[in-house]
Amino acid sequence: MMTTIPQTRQSGIKRFFERIHPCALKSSIWLFVLLFPFAFFHHQITTDDAWLGQQVHSLLQKGYITNNIFRDFPPLDGQIVVYHRLLIWCGAVVVRLLGWGVHQLWLVSVLAGIVTALMVYFARITDSTKATRLLAVSLLLFTPLLWRQMLIFRPEALVTACGFASFVVLNRAIKKDSTALLLLSGAFAGLAGLAHGLGMMFAIAGVTVLISERKYKPAILFFTVASLVFAPYVFGYFTERELFLAQLTQNQTMAARVSIRWWEPFVNLLNEHKRLFRKPEVIGISTLFALTLITHGNVLWRQHRSICIYLAALMVTLGAAPFPKMTHLMLPLIPFFALGIAYATTTPILARALRLNVRKMLPLVLGVVYIYGIGALVQAAFSPSAHQVETNSLLAAKLQHGTVVMAPFDFIFNEDGNFIIQSWRGAERFVANSPSSRALLQYAAQNGIRYLIADQELSHKWHLDEINKDSLDAPLQLILSFPDRDRYLYECRRRSVEVR
């Protein structure tokens, strides 16, 4: 039996979203604008910032990419031929204009996130009201996954911006039957892939929609343009084939090593729920979208069939891809989730009683999502700064210029170029399961390492905290200590130590 929402209730919902809701949503967006800069300057440097940032620095200094961080870790100990090219190129442009530093690199992701939010509001993908678009933008901004990816130099925010631009332009190209817009959409899909290989899922989604519309020649043209723009990503295969394949499939430092066996895509799809509902930063918006499919799935399919097909193709491609179920890889889905949720929240429905009861849950879940999102951003905005760059500068003042330093990843900022900086990854692999200060000294001697910078965890793991700090003859000497900043500087004073 079908149940209709009373007309008075429909009018009440309409008045709410036309008067009160837009005002509250504008306030929430301004709250984000106020809090985000504090989170930007208080955020800690991550491993990816240093890993990918050092590639930018290498490109600017040498014209090609090497990575001293892994100078002792084949196959990354020479030239790097597999990398997120568009991200590195954008980072190089920003650093060339604004100088070297982690905040400069983060601006790439920040600008990508802002562009995505603006597209969600101004693109008018559906004939939605201003209130609906404001809700979509607000929900997008307060999804922690988005703003956390805006605070890291990784490709996901850039993939999302380029991919969503491809979708917006393709939507208009189909409506206007425009070849120029079709070519532009294909170029944006290729750029998404050039930022991260997984970004080519936007090319697959675009082709799927065009085929569903029986536009076969436009589909071929679209995919051809996307492939040409994406092509530089795989240039290494044709210039250094063995190295390219080794860095793609045998790189033990990467969580997302490529492995393709015929049954894996199906298993990956069955396990995709582990990504969508894995962490608090996405559980809220994923749950809201699931409720949206229950309440408005049939309406969305009837009124926006091509958009539904596009999103389904994205989700299937992402789910089947040979990558671990890492949450940050689902960022390109979030703008679509936000738009669907906003549509369901602001649109009355004619439906069965079950759907109406589920719809009543949307405001409650939405409120929980906002409370968590705002709370997480407030915590990030007012968390104490780690002072990593300042600490690195104090440590660097005690080091001999040009020497080899084994250090945590963040030491790259802003000391890359002043020293040869390598990570602890190679040493950890060298000693396997038996780390000791003696084994570490042996390793340091073999690799010409003069200084060690460690945190408390590394010091304890390698038993560095047990050395005689007062002995001037000790082969490993503690020369500087910052317990409150969790950094300890050691000097290796003997070049060869026999491992017992």
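Residues numbered from 1 in each chain as written. Predicted model: local features only at pLDDT ≥ 70, side-chain atom pairs only at ≥ 80, totals over all residues. Heavy atoms only, no water.

Caption draft 1: Highlighting the overall build of the chain. Within the chain one finds 24 helices and seven strands. Within the chain, the proportion of its 500 residues that are buried is 54%. Across the chain, contacts joining residues at least 24 apart in sequence account for 73% of those joining residues at least 6 apart. Summing over all exposed atoms, the chain offers an accessible surface of approximately 23100 Å²; the carbon and sulfur share of this is 61%. (Helix = DSSP H or I, 4+ residues; strand = E, 2+ residues; numbered from the N terminus. Buried < 20%, exposed > 50% of the residue type's maximum accessible area, 1.4 Å probe, protein only. Contact = heavy atoms within 4.5 Å. Areas by Shrake-Rupley, 256 points an atom, 1.4 Å probe, with all protein chains shown as cover.)

Caption draft 2: Focus on helix α9 (residues 201-212). For α9, built from twelve residues, the straight-helix expectation of 16 Å at 1.5 Å per residue is met to within 8% by its first-to-last C-alpha distance of 16 Å. Those residues of α9 that sit buried are Met201, Phe202, Ala203, Ala205, Gly206, Val207, Val209 and Leu210. Residues of α9 that are buried in the fold lie against α7 (156-176), α8 (179-195), α10 (216-230), α16 (305-320) and α17 (334-346). Phi turns positive, to about 60°, at arginine 214, one or two residues after α9. (Expected span 1.5 Å × (residues − 1).)

Caption draft 3: Representation of the nonpolar core in the model. Core analysis: the biggest nonpolar cluster contains 136 residues, and Leu139, Phe153, Phe202, Tyr310, Met330 and Phe411 have the highest contact counts within it. At eleven residues, α7 tops the list of elements feeding residues into this core. Ala439, Leu440, Leu452 and Cys492 belong to the second largest nonpolar core, which has 22 residues in total. (Core = buried A, V, L, I, M, F, W, Y, C linked by side-chain atoms within 4.5 Å.)

Caption draft 4: Representation of the pairing of strand β7 (residues 487-492) in the model. Counting buried positions along β7 yields six of six residues, so the element is predominantly enclosed. By the alternation rule, side chains of β7 split into Arg487, Leu489 and Glu491 and Tyr488, Tyr490 and Cys492, which are all buried. Pairing of strand β5 (residues 449-454) with β7 involves four bridges; the strand directions are antiparallel. Across the sheet, tyrosine 451 pairs through a bridge with glutamate 491, a residue of β7. (Pairing = 2+ DSSP bridges.)

Caption draft 5: Main features of the sheet that holds β5. Strand order in the open sheet formed by five strands is β4-β3-β5-β7-β6, with mixed pairing between adjacent strands. Every interior strand has two partners, whereas the edge strands, β4 (420-422) and β6 (476-482), have only one. The sheet shows a mean angle of 25° between the axes of neighbouring strands, taken without regard to direction. (Axes fitted to C-alpha atoms, helices over the stretch in contact; angles between N-to-C directions.)

Caption draft 6: Representation of the pattern of salt bridges in the model. Across all of its chains, the model carries nine salt bridges by this definition. A salt bridge links arginine 485 to glutamate 390, with the shortest nitrogen-to-oxygen separation between them at 3.3 Å. In this pair, arginine 485 sits in the loop between β6 and β7 while glutamate 390 sits in helix α20 (residues 388-396), placing the two residues 95 residues apart along the sequence. We note a salt bridge from arginine 487 to aspartate 410, for which the minimum N-O separation is 2.6 Å. (Salt bridge = Lys/Arg side-chain N within 4 Å of Asp/Glu carboxyl O.)

Caption draft 7: Quick peek at the pairing of β6. Counting buried residues in β6 gives five out of seven residues, a clear majority hidden from the surface. Here six bridges tie β6 to β7, and the two strands are oriented antiparallel to one another. Following the sheet pairing, leucine 476 is matched in β7 by cysteine 492. Between the antiparallel neighbours β6 and β7 lie four residues, among them aspartate 486 with a positive phi of about 60°.

Caption draft 8: Geometry of the packing of aromatic side chains. Inspection of every chain in the model, using the stated rule, returns 24 aromatic pairs. With a centroid separation of 5.3 Å and 90° between ring planes, the pair formed by tyrosine 237 and phenylalanine 238 is classed as edge-to-face. With relative accessibility at 60%, the residue phenylalanine 238 sits in the exposed group. Between phenylalanine 430 and tyrosine 443, the aromatic rings sit 4.8 Å apart at their centres with planes inclined by 45°, giving tilted as the arrangement. Residue phenylalanine 430 is located in helix α22 (residues 425-431), and its partner tyrosine 443 is located in helix α23 (residues 437-446); the two are separated by 13 residues in the primary sequence. (Phe/Tyr/Trp six-rings, centres within 6.5 Å; stacked < 30°, edge-to-face > 60°.)

Caption draft 9: The arrangement of the environment of leucine 86 in detail. Inspection of the secondary structure assignment puts leucine 86 in helix α3 (residues 85-98). Along the sequence, leucine 86 and glycine 193 sit 107 residues apart, while their C-alpha atoms lie 8.7 Å from each other. Ignoring any residue separated from it by four or fewer positions in sequence, one finds leucine 86 in contact with Leu158, Cys162, Leu191, Leu194 and Ala195.

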